[in-house]
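Listed below are the residues making up each chain.
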Amino acid sequence: MKVGFLIIDMQNLFLHDHMEKLNVSQACEYINHVSGLLRAKDQIVVHIKDVEGANADTDPEARNIIPEITVLPTDIQIEKEFSNAFWKTDLEQLLREHGVEFIIVAGFAAEHCVTFTINGAQERGFQAALLQKAILSTRPDAITSIYRDRHMISYPVIEFLMETIA
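So, here is what we can say about the structure in this document.

Conventions adopted
- Residues numbered from 1 in each chain as written.
- Predicted model: local features only at pLDDT ≥ 70, side-chain atom pairs only at ≥ 80, totals over all residues.
- Heavy atoms only, no water.
- Helix = DSSP H or I, 4+ residues; strand = E, 2+ residues; numbered from the N terminus.
- Rg over C-alpha atoms; globule rule 2.2 N^0.38 Å.
- Buried < 20%, exposed > 50% of the residue type's maximum accessible area, 1.4 Å probe, protein only.
- Contact = heavy atoms within 4.5 Å.
- Areas by Shrake-Rupley, 256 points an atom, 1.4 Å probe, with all protein chains shown as cover.
- Lys, Arg positive; Asp, Glu negative; His and termini not counted.
- Charge placed at Lys NZ, Arg CZ, Asp CG, Glu CD.
- Core = buried A, V, L, I, M, F, W, Y, C linked by side-chain atoms within 4.5 Å.
- Pairing = 2+ DSSP bridges.
- Axes fitted to C-alpha atoms, helices over the stretch in contact; angles between N-to-C directions.
- Salt bridge = Lys/Arg side-chain N within 4 Å of Asp/Glu carboxyl O.
- Phe/Tyr/Trp six-rings, centres within 6.5 Å; stacked < 30°, edge-to-face > 60°.
- Lys NZ or Arg CZ within 6 Å of the ring centre and 35° of its normal.

Before going further, it helps to examine the overall build of the chain. In terms of helices and strands, the chain carries six helices and six strands. Its helices and strands taken in sequence order, the chain reads β-α-α-β-β-α-β-α-β-α-β-α from the N to the C terminus. Against the globule reference of 15 Å for 166 residues, the chain gives a C-alpha radius of gyration of 15 Å, in line with a compact fold. Here the C-alpha coordinates of the chain stretch approximately 45 × 30 × 30 Å along the principal axes. The buried share of the chain, taken over its 166 residues, is 49%. Of all intrachain contacts in the chain linking residues separated by at least 6 positions in sequence, the fraction that spans at least 24 positions is 76%. Only carbon and sulfur atoms are counted for the fraction: they give 49% of the accessible area of the chain, which is about 8,500 Å². The chain carries 14 positive and 24 negative side-chain charges, and their two centres are separated by 5 Å.

What follows concerns the nonpolar core. Counting 31 residues, the largest nonpolar core has Phe5, Met10, Leu38, Leu131 and Ile158 as its most contacted members. Going through the elements one at a time, β1 (2-8), α2 (24-40), β4 (100-108), β5 (127-136) and α6 (155-164) are the ones with two or more residues in this core. The biggest single contributor to this core is α2, with eight residues. When neighbours within four sequence positions are excluded, isoleucine 158 is seen to be in contact with Val34, Leu37, Leu38, Ile104, Leu131 and Ile153. Counting residues in each nonpolar core, the second largest holds 27 residues, with Ile76, Leu94, Leu130 and Ile143 among its members.

Within the open sheet, the six strands sit side by side as β3-β2-β1-β4-β5-β6. Their pairing is parallel. Single-partner strands in this sheet number two, and they are β3 (76-80) and β6 (152-153). Inspection of the sheet shows β4 paired to β5 by six bridges, in the parallel sense. Paired with glycine 107 across the strands is isoleucine 135, a residue of β5. Here α2 sits on the sheet in contact with β1, β2 (44-50), β4 and β5, set at roughly 140° to β5. The strands that helix α5 (residues 140-149) touches are β5 and β6; relative to β5, the one it contacts most, it runs at about 155°.

Moving on to the pattern of salt bridges. For the structure on display, the rule yields nine salt bridges. Linking arginine 63 and aspartate 50 is a salt bridge whose minimum nitrogen-to-oxygen distance equals 3.8 Å. Here arginine 63 is found in the loop between β2 and β3, whereas its partner aspartate 50 is found in strand β2, with 13 residues between them in sequence. Across the pair, exposure class does not vary: arginine 63 and aspartate 50 are buried alike. Arginine 124 is the partner of glutamate 92 in a salt bridge, and the nearest nitrogen-oxygen pair spans 3.4 Å. Linking glutamate 92 in helix α3 (residues 91-97) with arginine 124 in the loop between α4 (110-123) and β5, this pair joins segments that are 32 residues apart in sequence.

With that settled, consider the packing of aromatic side chains. Working definition: an aromatic ring pair is given by the centre-to-centre distance plus the angle between the planes. Counting across every chain of the model gives three aromatic pairs. Pairing phenylalanine 14 with phenylalanine 108 gives two aromatic rings, centres 6.0 Å apart and planes at 25°, and the pair type is stacked. Highlighted residues: phenylalanine 14 in helix α1 (residues 12-15) and phenylalanine 108 in strand β4, separated in sequence by 94 residues. Judged by relative accessible area, which is 21%, phenylalanine 14 ranks as partly exposed. The class for phenylalanine 108 is buried, based on a relative accessible area of 10%. The ring of phenylalanine 126 carries arginine 96 above its face, with NZ or CZ at 4.2 Å from the centroid.

In short, shape yes, function no, at least from these values alone.
Set out below in structure tokens:
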């Protein structure tokens, strides 16, 4: 089984002013750990960047991924203009070309892009789960809701899965 890890909208524009309030460092720790586990087993790590309205940005660094997230040259980066990272992007095709069957989703924001992307994955026939403790939102109730209403996976389970991959 091939696993794809989708890291959504972990960008300066959205997170820079909320780093402590949202406990971004904890989410980044989980995201980086799972990314490392997957990379070690030649699984797919995809960073998804929201570029909607990017032409109006005055700060050239605004759309960059925050420095707390490890991005390696082997990682894939996808730009999106809509909340669902599958909508009008090559994400589905890319995942299918790599044989991905199971998707893990993490990032910002629980009530928008994270929810719409995990729904998009399931609508396209992928098995999908949220990475526990790696979902962010400016609304704490949104995190509670998404954890209640969607499948979750913890990093110890991912560690176990990666041990079973040859």
